[in-house]
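# Tertiary structure, described
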Amino acid sequence: STVTTEAELQKAIENATGSCNGEATTITIKGTITISNGIVIKDKAIKLTGGKIIRSSSYLKDLISLQDACLTLENIDIDGNGNSFAKTVEMYPAIDVEFKSSLTINSGTKIHNHVSDTDLGIINEYGSSVIMNDGSIYDNYNPLGIIRSGGSFVMNGGSIYKNEGSYLLMLLHSFEMNGG
């Protein structure tokens, strides 16, 4: 399905039939969607493609929260709207990957312009996995780390650059770098 608003996106996710053990449901974003309430993906497998997701200048919680879910990002722009916030803001991550979830970052994905002064990182992953096949993570700020991982991070390709913080990766249980 194709969506153009935050409400349509959340409804498409709720109606999705994709599962982590099978095929993901593909949802295409047309244009730019401003996130003011956060997107929750629970017990589903979703592939988000196209368009742009940007944080509202008044929203400080997770942009995308995964709970026992699988998310694939492809040809999509995840913009933290960092110019609207002071670097001292206590903001939740762009993507929170929890409860045995997985995040896969594929070609054309940009995760950028996020700021936060918390220990949660830009991508917070707890007991789950992040696989970066391609795409880029850049121009983010978090003094304690860009990717906070209590699970596994596999980098097969893509690039992570021009981020500002003490650590790129912190609290890893496992890290594997095959490319990038």
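All values reported here derive from a predicted model rather than from experimental measurement. The residue count restarts for each chain, going from 1 along the sequence in the order it is written. Only residues with pLDDT of at least 70 are given local features in this predicted model, and only at 80 or more are side-chain atom pairs given and counted; all residues enter the totals for whole chains, interfaces and linings. For side-chain calculations, the full set of non-hydrogen atoms in the structure is used, while hydrogens and water are omitted.

### A look at the side chain of Ser56
Mapping Ser56 onto the fold places it in the loop between strand E6 (52-55) and strand E7 (64-67). Residue Ser56 is classed as buried on the basis of its relative accessible area of 9%. Those residues in contact with Ser56 that sit more than four places away from it in its chain are Thr34, Ile35, Ser36, Asn81 and Phe85. Under the DSSP-based scheme used, a helix requires at least four consecutive residues in state H or I and a strand at least two consecutive residues in state E, with every element numbered from the N terminus. A 1.4 Å probe rolled over the protein chains alone gives each residue an accessible area, and that area as a share of the maximum for its type sets the label: buried under 20%, exposed over 50%, partly exposed in between. Note on contacts: a residue pair qualifies if any of its non-hydrogen atoms lie within 4.5 Å across the two residues.

### Focus on the environment of Ile76
Topologically, Ile76 is positioned in the loop between strand E8 (70-74) and strand E9 (77-79). Assessed through its relative accessible area of 1%, Ile76 is described here as buried.

### Let's talk about the pairing of strand E3 (residues 32-35)
Burial of E3 is one-sided: the residues Ile33 and Ile35 facing one way are buried, the residues Thr32 and Thr34 facing the other way are not. Across four bridges, the pairing between E3 and E6 is parallel. Within the sheet, the bridge partner assigned to Thr32 lies in E6 and is Lys52. DSSP calls a pair of strands paired once it identifies at least 2 bridges connecting them.

### A few points about the packing of aromatic side chains
Ring geometry is summarised as follows: Phe, Tyr and Trp rings, the Trp one being its six-membered ring, pair when their centres sit within 6.5 Å, and such pairs are stacked at plane angles under 30 degrees, edge-to-face over 60 and tilted between the two. Applying the stated criterion across every chain, the model contains one aromatic pair. For the ring pair Tyr138 and Tyr161, a centre distance of 5.2 Å and an interplane angle of 5 degrees mean the geometry is stacked. Of this pair, Tyr138 sits in strand E15 (residues 136-138) while Tyr161 sits in strand E18 (residues 159-161), and the two are 23 residues apart along the sequence. Take Tyr161: its relative accessible area is 37%, and that puts it in the partly exposed class.

### Digging into unusual backbone geometry
Of note, Asp43 is a non-glycine position whose phi angle comes to about 55 degrees, a positive value. Locating Asp43 in the fold gives a position in the loop between strand E4 (39-42) and strand E5 (45-49). The class of Asp43 is exposed, set by a relative accessible area of 51%. Positive phi outside glycine occurs at Lys100, with the angle close to 60 degrees.

### Digging into the state of the cysteines
Criterion for a disulfide: a pair of cysteine sulfur atoms within 2.5 Å. Counted by the stated rule, this structure contains one disulfide. Covalent S-S linkage joins Cys20 and Cys70, the inter-sulfur distance amounting to 2.0 Å. Here Cys20 and Cys70 share a disulfide; its torsion about the S-S bond, 130 degrees, makes the bridge right-handed. Taken as a pair, Cys20 in the loop between helix H1 (6-15) and strand E2 (25-29) and Cys70 in strand E8 lie far apart in primary sequence, 50 residues in all. Looking at Cys20, the relative accessible area reads 38%, which means it is partly exposed.

### Points about the pattern of salt bridges
Salt bridges are defined by distance alone: a side-chain nitrogen of Lys or Arg within 4 Å of a carboxyl oxygen of Asp or Glu. For the structure shown, the criterion picks out four salt bridges. Put simply, Asp139 and Lys162 hold a salt bridge, and the shortest N to O gap is 3.7 Å. Of this pair, Asp139 sits in the loop between E15 and strand E16 (147-149) while Lys162 sits in the loop between E18 and strand E19 (169-170), and the two are 23 residues apart along the sequence.

### Section: the nonpolar core
Of all hydrophobic cores here, the largest spans 39 residues; its most connected members are Leu9, Leu48, Ile64 and Leu103. It is H1 that provides the largest number of residues to this core, a total of three residues. Setting aside chain neighbours within four positions, we find Leu9 in contact with Val3, Ile27, Ile29, Ile33, Ile39, Leu48 and Ile53. Nonpolar core, defined: a set of buried Ala, Val, Leu, Ile, Met, Phe, Trp, Tyr and Cys residues in which side-chain atoms within 4.5 Å join the residues together. Counting five residues, the second largest nonpolar core, distinct from the first, contains Phe85, Val89, Met91 and Val115.

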